[in-house]
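Descriptive analysis of the structure
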Amino acid sequence: MRHTTPIPGDKAPKLAVEVLGGPAFDLAADKPAKMSLVFFYRGVHCPICKTQMEELNEKRAAFAAIGVSVHAVSMDSKERAERQKQEWKIADLPIGYGLTEESAREWGLFISAKEKDSEPARFAEPGIAMIYPDGTIYALHFQSIPFARPTLDGLKKGLGFILENDYPIRGKLAA
């Protein structure tokens, strides 16, 4: 199977997942003031995801202040997502779980197979999607490894610039 990724400027693929302790998340129904920001993360087995999600929990309000709604989504099962809620400091962060492999592939996420006992059979590698309220993809940042993620402060600063200056979508030309 060839890896494919949507192109910025395209309509975002469907994204609908269950959320721990809250209503299900459906990207098509998300109505942010300026942009939706979806963090796809590996799951409870990933210590780098734990650090990033805990920081995201702390900075979620700062993103909301610039009109950006923040969502965290993984392929983890409900049971694994419940472990995150218990073991991680993410009390204010809605945790979306149950992303299907098919949906992850439609988004262009890289998929990995279990290498360690703590990992599920398959999981999506990390990624960030920035989507306008009309469902148009502004930008995608996907990785095939868990390392070298953008800083949340840098991401917020960049989004602030993009939104204040109506910075155009880049990367619209297919390879």
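Up top is the structure these notes are about.
Criteria and cut-off values
Residues numbered from 1 in each chain as written. Predicted model: local features only at pLDDT ≥ 70, side-chain atom pairs only at ≥ 80, totals over all residues. Heavy atoms only, no water. Helix = DSSP H or I, 4+ residues; strand = E, 2+ residues; numbered from the N terminus. Buried < 20%, exposed > 50% of the residue type's maximum accessible area, 1.4 Å probe, protein only. Lys, Arg positive; Asp, Glu negative; His and termini not counted. Salt bridge = Lys/Arg side-chain N within 4 Å of Asp/Glu carboxyl O. Polar contact = N/O pair within 3.5 Å; in protein donor to acceptor, adjacent residues only side chain to side chain. Contact = heavy atoms within 4.5 Å. Axes fitted to C-alpha atoms, helices over the stretch in contact; angles between N-to-C directions. Parallel < 35°, antiparallel > 145°, perpendicular 65-115°, else oblique. Left-handed = near helix turned anticlockwise from the far one by under 90°. Nonpolar A, V, L, I, M, F, W, Y, C, P; charged D, E, K, R; others polar. Pairing = 2+ DSSP bridges. Right-handed = clockwise from strand over helix to strand, strands pointing away. Core = buried A, V, L, I, M, F, W, Y, C linked by side-chain atoms within 4.5 Å. Expected span 1.5 Å × (residues − 1). Arc of directions from axis to C-beta.

1. A few points about the side chain of R149
On the secondary structure map, R149 appears in the loop between β9 (137-142) and α4 (152-165). It turns out R149 is buried and unbridged, and the closest side chain with the opposite charge, E125, is 6.2 Å from it. In terms of polar contacts, R149 uses its side chain to reach the side chain of Q52, at 2.7 Å. Here the side chain of R149 touches P146 through a polar contact of 2.9 Å, landing on its backbone oxygen. Sequence-distant contacts of R149, defined by excluding residues within four places in its chain, comprise R42, C46, I48, C49, Q52, P126 and Q143.

2. Things to note about the packing of helix α1 (residues 47-65) against α4
Viewed as axis vectors pointing N to C, α1 and α4 meet at an angle of 30°, and their least axial separation amounts to 10 Å. By the angle between their directions, the pair α1 and α4 is classed as roughly parallel. With respect to the hand of their crossing, α1 and α4 are arranged in right-handed fashion. Along its contact with α1, which presents Q52, E55, L56, K59, A62 and F63, the element α4 presents L152, D153, L155, K156 and L159. Considering only residue class, the contact of α1 with α4 consists of six nonpolar, one polar and four charged.

3. Let's talk about the pairing of strand β4 (residues 68-73)
A large share of β4 lies buried, amounting to six of its six residues. Both faces of β4 are covered, namely the face carrying V68, V70 and A72 and the face carrying S69, H71 and V73. Note that strand β3 (residues 35-40) and β4 share six bridges and pair parallel. Bridging from a neighbouring strand, F39 pairs with A72 of β4. Of the crossover connections in this fold, the one passing from β3 over α1 to the parallel β4 is right-handed.

4. Quick look at the nonpolar core
One finds L37, F39, M53, L56, M130 and L159 to be the most contacted residues of the largest nonpolar core, which totals 30 residues. Those elements giving two or more residues to this core turn out to be β3, α1, β4, β5 (95-97), β8 (127-131), β9 and α4. With residues near it in sequence (within four places) discarded, F39 still touches Q52, M53, L56, V70, H71, A72, V73, G127, I128, L152 and L155. Of all hydrophobic cores here, the second largest spans 19 residues; its members include L15, V17, L109 and A124.

5. Some remarks on the environment of K114
Here K114 shows up in the loop between β6 (111-113) and β7 (122-124). On the accessibility criterion, K114 (43% relative accessible area) is partly exposed. Dropping the residues within four chain positions of it, K114 is found in contact with E119, P120 and A121.

6. A look at the pattern of salt bridges
Applying the stated criterion across every chain, the model contains nine salt bridges. The salt bridge partner of D153 is K59, with a shortest N-O separation of 2.6 Å. Here D153 is found in helix α4, whereas its partner K59 is found in helix α1, with 94 residues between them in sequence. Notably, a salt bridge pairs E87 with R83, separated by 3.3 Å at the nearest N-O pair. Pair noted here: E87 and R83 are both in helix α2 (residues 78-87), with a separation of four residues, about one helical turn. The partly exposed category is assigned to E87, whose relative accessible area is 46%. When its relative accessible area of 36% is taken as the criterion, R83 is described as partly exposed.

7. A short note on α4
Here α4 spans 20 Å end to end across 14 residues, near enough to the 20 Å set by a 1.5 Å rise per residue. The set of residues buried in α4 consists of L152, L155, L159, G160, I162 and L163. What you see down the axis of α4 is that its buried residues fit within an arc of 165°, all on one side. Seen from the buried face of α4, the exposed residues on the opposite side, beyond 90 degrees, are K157 and E164.

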